[in-house]
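# Per-entry structural report
Next come the chains, spelled out residue by residue.
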Number of protein chains: 4
Amino acid sequence: MDYVNGPGRNHLFVPGPVNIPEQVLRAMNRNNEDYRSPAVPALTKVLLEDVKKIFKTTSGTPFLIPTTGTGAWESALTNTLSPGDRIVSFLIGQFSLLWIDQQKRLNFDVDVVESDWGQGADLEALASKIAADKSHTIKAICIVHNETATGVTNNLATVRKILDHYQHPALLLVDGVSSICALDFRMDEWGVDVALTGSQKALSLPTGLGIVCASPKALEAAKTAKSVRVFFDWSDYLKFYKMGTYWPYTPSIQLLYGLRAALDLLFEEGLENVIARHARLGKATRLAVEAWGLKNCTQKEEWFSDTVTAVVVPPYIDSVEIVKRAWKRYNLSLGLGLNKVAGKVFRIGHLGNLNELQLLGCLAGVEMVLKDVGYPVKFGSGVAAASTFLQNSTPLIPSRI
Amino acid sequence: MDYVNGPGRNHLFVPGPVNIPEQVLRAMNRNNEDYRSPAVPALTKVLLEDVKKIFKTTSGTPFLIPTTGTGAWESALTNTLSPGDRIVSFLIGQFSLLWIDQQKRLNFDVDVVESDWGQGADLEALASKIAADKSHTIKAICIVHNETATGVTNNLATVRKILDHYQHPALLLVDGVSSICALDFRMDEWGVDVALTGSQKALSLPTGLGIVCASPKALEAAKTAKSVRVFFDWSDYLKFYKMGTYWPYTPSIQLLYGLRAALDLLFEEGLENVIARHARLGKATRLAVEAWGLKNCTQKEEWFSDTVTAVVVPPYIDSVEIVKRAWKRYNLSLGLGLNKVAGKVFRIGHLGNLNELQLLGCLAGVEMVLKDVGYPVKFGSGVAAASTFLQNSTPLIPSRI
Amino acid sequence: MDYVNGPGRNHLFVPGPVNIPEQVLRAMNRNNEDYRSPAVPALTKVLLEDVKKIFKTTSGTPFLIPTTGTGAWESALTNTLSPGDRIVSFLIGQFSLLWIDQQKRLNFDVDVVESDWGQGADLEALASKIAADKSHTIKAICIVHNETATGVTNNLATVRKILDHYQHPALLLVDGVSSICALDFRMDEWGVDVALTGSQKALSLPTGLGIVCASPKALEAAKTAKSVRVFFDWSDYLKFYKMGTYWPYTPSIQLLYGLRAALDLLFEEGLENVIARHARLGKATRLAVEAWGLKNCTQKEEWFSDTVTAVVVPPYIDSVEIVKRAWKRYNLSLGLGLNKVAGKVFRIGHLGNLNELQLLGCLAGVEMVLKDVGYPVKFGSGVAAASTFLQNSTPLIPSRI
Amino acid sequence: MDYVNGPGRNHLFVPGPVNIPEQVLRAMNRNNEDYRSPAVPALTKVLLEDVKKIFKTTSGTPFLIPTTGTGAWESALTNTLSPGDRIVSFLIGQFSLLWIDQQKRLNFDVDVVESDWGQGADLEALASKIAADKSHTIKAICIVHNETATGVTNNLATVRKILDHYQHPALLLVDGVSSICALDFRMDEWGVDVALTGSQKALSLPTGLGIVCASPKALEAAKTAKSVRVFFDWSDYLKFYKMGTYWPYTPSIQLLYGLRAALDLLFEEGLENVIARHARLGKATRLAVEAWGLKNCTQKEEWFSDTVTAVVVPPYIDSVEIVKRAWKRYNLSLGLGLNKVAGKVFRIGHLGNLNELQLLGCLAGVEMVLKDVGYPVKFGSGVAAASTFLQNSTPLIPSRI
């Protein structure tokens, strides 16, 4: 435990898990409770209604599963698909890769559409495949809304347009792990059939809840999907929803109250304001990167992510050293480059309960780390670029006007 | 949230989730951390070593899975068995029933050995089946060490003896959810191949960790087991263990530090002392039940559970009313009767971080509730029976001698 | 720190500091704040209004002083009196003794009216003194509403009647440390000029706030009182009240939010219900003591305290052993006998955020301790006496009906 | 309570109360305890020993008084002096002013040595007075080590030299509120007779403990000092120290455990490293102020404070607007200018549990605020100046090397 005791706060800028606000820590600071008393179902009932708002759905059915993002993926797949089903899946970075690995191990017939890491999903390839698939052999499209490894945001509206254009009935399964509650996400409008996130991302909770939302079409598919599942089976939840007791197995009392507090904070700030804040912090980060003379791993502006920025380092620098140094000297936690981009990029997560000055502290820290590892950064350059933008765009805190 | 605000503390006597000690609440009161920094692997490494102690194993390999007991069950089964495998499974109450349901849904060929609810596993039937199975078609024995629904503890040493006697190679998979850290459990000595528990039981943590321990034989079986699995796949963990980073996906930082604190408390008290304390509280509870003139759902002394007591109510009383009343009037949380024994029994959980006076307060409360619902209890009778025993047997608190 | 780690919860039955409810612990689990921002004055303003309710005053002015009860005493005395002023003060136990000691050291001319420890204030003596004091040399009456050392509650209404009867202008200064928020206390109706309590008593907070409330007459007296004071000077507070910033020096942010939560809980339960609960728990305790065949230190029923019961032990037992044993063996914290009654009584505090089953657990524990030290208690006798009463009188928890 | 909910963390840069580290929040997250059990004296005994280390004294006697800095002042004065005693006291800013006000109200004969706000104590004047005071009418020198209102650190070593040079027996009473645990402070070496601080300053705890340390000479003086005192009287503490129970009245259990954790953190980092960190952050702040083209309120380098910097704003700007704006728009809490410098300076506190990136975030925030209020700051200029220095001087975090 010695490692944790740096003086001052840890500056947590990995793209998840993210900072937990004090209000949420307080809400979770509690003893266990009997989840079969009337109190927990009453709490859960309202939570399930409110969780739908973060997916922007009115017709969806949410599940709060005691698991991580990986489990949420498995829940989305096994409830809607049968072994051997053909699915189209986009490989654009480490997390889409891991999901595809899961899809294969679950015995689906995965049609992988690969792009360079740093590019978005190849939607032209999708259009071709969909156009060609007259007999509707494609059962689902699996897409990561925001690839956390490369800082790439895919255009889900276009995916929906393609499917609609060809009147293709494939399910649309979306990993929203590093997007939901931070980026613009519209489950109903975009016809997403299963969307999912994890509590430790933009919701700013501890890890432990896989939050999955299923459209009526997905629930219908679940009735015939033959993938073997028990723990992740939605039908157990639905049975308990009907009974009004809600939980097929023991939930984390602490995470339920924490989720309540997290949603209260989100709604108090306003979901649109939260999204605008992420847009602001994302742009500020990119302006800093540009000012440093470094490149964004994301290759086109249309894919820029407002929750994470992957920064490409010069070839003579190992990005692993940057992450190590940041943690060892400045108590700054940055994200490593993963797999194909290991050593080549480091990542700044800017999602969740975060504000302008926290980000500027991080950017100032990155400048010092860059100098530490031999990159000739001009001190203050990134901070200045970000500040210039932020000083113009940051609104007053609504509760303090 | 109004429901929770009774004056004074909630008296939590469901057989899980149980009371979290203040030391553990404190340890978990913390922000998220980057789990890829050196700190979390260093913490995890020691946790994995220490967790083996609660299983009493030196050769086992533990997995800390972000899931519940249901997920831990699934982990035990899918990693060691293939669809169609014949397993012998004992049905003695609601939790063994649920596990059997899972086993069937996972497509195993389940040979169910049923007993009356209130009886232990029928080990004679096991002996017959094992004796008859010369060709070793039985791949695994699945047994719940302590059936939480009826307060029945099974004799695992005898199960091992039977298997050894016939030199039968079946795997021994044990649900230790309401036994491990509370009852005598000896993974290595009893040749248990997979043992599992949940964090919210005797470990006295929040829900969220499925703690699974696999013997070398189980790990070997995992190499050829054909059950489809990804989230619950041990191989992902083993890969990361080898790399020294430990986590295939994001762990709950709070639960890791909480587990550290929980283990520290256990070891400080001494595991044998913890087990003795449970024996003491279990016996005290049973003496009270006897003094009230009520029957224990558990039919023979050899099966008496030291973590939960299911109390049979007279036919003219609905045990649901007892549980409701206890909660509504005395802020006392008791366990419902489940399924076959619904309305017929209520349950007193006496596991986890609990002491004598907490139990006596509960017993006094049960007396008042019994009177409330029309049972002619003699006030003080159960408390007196329990106190007489406890005053003789309770040791000084070691740290205060 | 080893001492604290008994298994299970500590049973805290000293008459203060008392159990802090989880809701209050949560509210206090927060970082410091700038107390000069608009947030803290806004919070304080409402707190000061709400605090008046616990004193049952509309005309009083409350002060939240960062101190203990001893400091609150000093605040009451030095703001209203001048050195040499004659005051009548009742000595009935250790806390009235300590206050009198303070009064003497502050150079007042203290007219001590002593009673046996276990008796209430001698109000006949007061009447005589007041009757005789035609020239109004008596400037103040100092009385402890509830003497925590002996479990004696004085009759303040009678004190007021005496003063009114003789139209005597003496100030009435009341120590309500172990009464306010627990016993019936009516500042305005009883014409109390200064009332005070400490946060760690019935308000169920940590120690740290001396809460003092002054009548208009007391504020008037403060203008001419010549006792030297700075830290405890009300005038500094009043200056900052007028400015709307409220704090002459740094308050404890945590205690302010804790007080907010504590008041919310009190008002949610209802102050009258809280007082009724204390009456119930007090009576239950006394019934238990009677059933054990032991005597209450309080000599007449009219003085029985509903917040603390001092139990007289037989001469062959040292009550210090009872307190030691309770803590060492049962994790039960009882109050020692103090000064004159040291060794002769032990005390059960039953105030603050407490419910029936907590008390019954304590009573069961006391029975075991009594046996431990050689007193021939009948197990269950006290619990039965208390339960019989409580089962008849305990209301449903309002939020759970 | 709405005010507190800005997105992200509050950036707390007032010169107290300061950020509480998570480790300390955790330690304080606990129920009350019986302070008369063996546990609390055992804890207190070690705390008192360890507290001496932060004063750098071996011969001093510390008192942990449940009060604020104002109360600690009163404790220092009333225990060592008698009404009418002549004392020399330095007026250099708002806090020395308030202390002098207290000294006068406590009826000492205060010989005020005034300097311009922004200058240090006039030690030449002290030398003259001491030289002239052959008959030793001066009983004490009262000096604020670090004037929090102006960011001025006085030279205590010189004060001692002056007293020694003239062999003058005056007591040396030092307000170390914003210096101890942050600046170089040497009680024994500098012959300080009473030193004091508050828990909410560099110790990084909540408000609530006035920590006072008395030299043997001060304790001797206390025996004859005639100032009236009860709550602040050291003799009550000393009586309880002798008995080994330590507490004349109820301490805050939470603050005691918090103090334990705070000291553990200090000692783990190393007191000299903590002081070096403050020196680093102080210099970085001053470099930023210089880069912005603004003036430090502190008029000479020899008085520069490493815990707080008071920044003079141009005459056309009202510094109140800066503080308001910082809080309303950036969740940044800065210190106001007080009294004589109200409107003219704002203050950056850089003391307590704080690190480089937190400070840089603050400095970036100040730049934006300056622009907001119309000062033509060059974005990034202050951050660059600070970073250039910090990147050169910041050591690796010892526990992470």
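Residues numbered from 1 in each chain as written. Chains lettered and ligands numbered in written order. Predicted model: local features only at pLDDT ≥ 70, side-chain atom pairs only at ≥ 80, totals over all residues.

Looking at an unreviewed UniProt entry, one finds chain A named alanine--glyoxylate transaminase, with Nicotiana tabacum as its source organism.

## Some remarks on the environment of A:Asp236
Quick note on the threshold: Only DSSP runs of H or I covering at least 4 residues are called helices, and only runs of E covering at least 2 are called strands; the numbering of each starts at the N terminus.
Among the structural elements, A:Asp236 can be located in helix α8 (residues 234–243). Sequence separation between A:Asp236 and A:Trp247 is eleven residues; the distance between their C-alpha atoms is 8.5 Å.

## Some words on the relation of the copies chain D and chain A
Rule in force here: The copies were overlaid by least squares, fitting only the C-alpha atoms of residues that reach a pLDDT of 70 or more in each copy. Contact definition: two residues whose C-beta atoms, as placed from backbone geometry, lie within 7 Å.
For the pair chain D and chain A, the relating rotation is 180 degrees, the translation along its axis is 0.0 Å, and the fit reaches an RMSD of 0.0 Å. The two molecules are tied by a two-fold rotation axis, judged by turn and shift. Of every C-alpha in chain D, the one belonging to D:Gly361 sits nearest the axis of rotation, 1.8 Å from it. By residue overlap, the copies meet face to face through one surface: 100% of the interface positions of chain D are interface positions in chain A.

## Things to note about the domain arrangement of chain A
Residues and elements named next belong to chain A. Threshold: Marked domain ranges trace back to an automatic or database domain assignment. Just so you know the grouping, Ala, Val, Leu, Ile, Met, Phe, Trp, Tyr, Cys and Pro go in nonpolar, Asp, Glu, Lys and Arg go in charged, and all remaining residues, Gly too, go in polar.
Annotation of chain A at the domain level lists domain 1 (11–18 + 270–392) and domain 2 (22–267). Placing a centre on the C-alpha atoms of domain 1 and another on those of domain 2 gives a separation of 27 Å. Taken together, the 27 residues of domain 1 in the interface contact 27 residues of domain 2. At the level of elements, α10 (271–291) and β12 (308–312) are the ones that each hand at least two residues to the side of domain 1 that touches domain 2. For the side of domain 1 that touches domain 2, the leading source of residues is α10, giving four residues. For the side of domain 1 that touches domain 2, the per-class residue count stands at 14 nonpolar, ten polar and three charged.

## Focus: the interface of chain D and chain A
As a measure of interface size, the accessible area lost when the parts come together is often cited. Tallying the contact residues gives 49 residues for chain D and 49 residues for chain A. When residues of the side of chain D that touches chain A are traced back to their parent elements, those giving at least two are α9 (253–269), α11 (319–330), α12 (356–372) and α13 (381–393) of chain D. Its residues placed into classes, the side of chain D that touches chain A shows 18 nonpolar, 19 polar and twelve charged.

## Examining the interface of chain D and chain B
At the junction of the two partners, chain D supplies six residues and chain B supplies six residues. The residue makeup of the side of chain D that touches chain B, split by class, is one nonpolar, two polar and three charged.

## A closer look at the sheet that holds strand β3 (residues 86–91) of chain B
Residues and elements named next belong to chain B. As a reminder, the rule being used: One requirement defines pairing of two strands: DSSP has to find at least two bridges between them. Interaxial angle, 0 to 180 degrees, is taken between N-to-C directions of lines fitted to C-alpha atoms, where a helix line uses only the stretch in contact.
Reading across the sheet, the seven strands line up as β2-β10-β9-β8-β5-β3-β4 and stay open at both edges, with mixed pairing between neighbours. This sheet does not close on itself; its edge strands, each paired only once, are β2 (61–65) and β4 (109–114). On average, each strand axis in the sheet is inclined to that of its neighbour by 20 degrees, with strand direction left out of account. Examined bridge by bridge, strand β9 (residues 194–198) and strand β10 (residues 210–214) share five bridges and lie antiparallel to one another. Considered in β10, the bridge of Gly198 is made with Gly210. Each of β5 (138–144) and β8 (171–175) is contacted by helix α6 (residues 156–165), which is oriented at about 170 degrees to β8, the strand it contacts most.

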